[in-house]
Amino acid sequence: MVVLAISLSGSKNLACSRAIELTNISFCYPGASTPALTIADWHVNKGEHVFVQGASGSGKSTLLNLLTGTLVPDSGSIRLLGKEFSALAARHKDGFRARHIGVVFQQFNLIDYLSVKQNIATAAYFAGTLNQQTQRRATELLHKLELPANVLSRQAGSLSVGQQQRVAIARALINAPELLIVDEPTSALDANARDAFMRLLLEVADSSAVVFVSHDAGLATYFTRQQSMAELTAQSVQTVC
Ligand SMILES: Nc1ncnc2c1ncn2[C@@H]1O[C@H](COP(=O)(O)OP(=O)(O)OP(=O)(O)O)[C@@H](O)[C@H]1O
């Protein structure tokens, strides 16, 4: 009995230490005869910074869209932070994503005509965390990201590409998400700016699990773990297209 209790508590701790667990995932785009992505078994631990690298067409965007709930797998399980994410109804998925997942999109997806403050506040609003502390947290994040506080009142569309990237990071981190998903936001940067961006991103993300997707293998050095799409999809999964 004691042995059982120990082993159960051990497996519970293991489950809780995982930010992402994918099991027997298969996803087909409508009309396709073969799946765009299959993953037999993959996990990311809480706090881990993982670099996912793959050639064009290898399924990186599909993977990110599955992790953010924009796409739903045809089969298999996606567990995020111990929760069966793939089984949640759309409404609950939206709430879970807003509270626990930060996303930095390739094109940043800022709302150009809103101020930086309003862009960041929108993320807090959807997570239900918008309060009097939001502006203070936003100012702190912008400071860490080496942007002056007066950027808060500027229209997002009037900022430089580098400034918009940092605002996109601040927006993704405003709710202190346990999981940060980043889709190759460095392609427009020169080598020096890219180095500064990567260092800041991972410093500010701090204890969040980070999944950073890119085709650029040169970025791998910033991360604690590297994962190629080829390895990730190597094991076979029963598919259902
Ligand atoms: N909307 C879609 N409809 C049908 N097939 C799609 C669709 N989007 C992607 N695919 C296919 O799914 C596979 C994986 O595409 P995905 O966009 O995930 O790759 P990627 O690694 O992100 O590529 P890139 O680096 O070029 O953005 C490819 O074979 C692609 O042609």
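You'll find the structure just up there.
Reading guide: rules and limits
- Residue indices begin from 1 for each chain and proceed along its sequence in written order.
- This being a predicted model, a pLDDT of at least 70 is required before a residue's local features are given, and a value of 80 or more before pairs of side-chain atoms are given or counted; all residues contribute to the totals for chains, interfaces and linings.
- Calculated side-chain values reflect all of the structure's heavy atoms, with hydrogen atoms and water omitted.
- For Phe, Tyr and Trp, rings pair up if their centres lie within 6.5 Å, where Trp contributes its six-membered ring, and each pair is then called stacked (planes under 30 degrees apart), edge-to-face (over 60) or tilted (otherwise).
- Here a strand is any run of E in DSSP of at least two residues, a helix any run of H or I of at least four, and the numbering for each starts at the N terminus.
- When a residue's accessible area, from a 1.4 Å probe over protein chains only, is under 20% of the maximum for its type it is buried; when over 50% it is exposed; and in between it is partly exposed.
- Sitting over a ring, as applied to charges here, requires NZ of Lys or CZ of Arg to be within 6 Å of the ring centre and within 35 degrees of the ring normal.

Enquirer: Residues and numbers for the packing of aromatic side chains, please.
Expert: Given two aromatic rings, one states the distance between the centres and the angle between the planes to describe the pair. By the definition in use, this model includes six aromatic pairs. Each ring, one from F51 and one from F212, has its centre 6.2 Å from the other, and the planes form 25°; the classification is stacked. Note that F51 is positioned in strand β3 (residues 49–53) and F212 in strand β8 (residues 209–214), a separation of 161 residues in sequence. The same class applies to F51 and to F212, which are both buried. Considering the side-chain rings of F212 and F223, the 5.3 Å spacing of their centres and the 50° angle between planes classify their relative orientation as tilted. With a gap of eleven residues between them, F212 in strand β8 and F223 in the loop between β8 and β9 (225–228) connect regions that are remote in the sequence. F223 matches F212 in its accessibility class, with the two residues each being buried. Ring pairing ties together the aromatic residues F51, F212 and F223, which thus form one cluster. Above the plane of the ring of F85 lies K93, whose end atom (NZ or CZ) is 5.5 Å from the centre.

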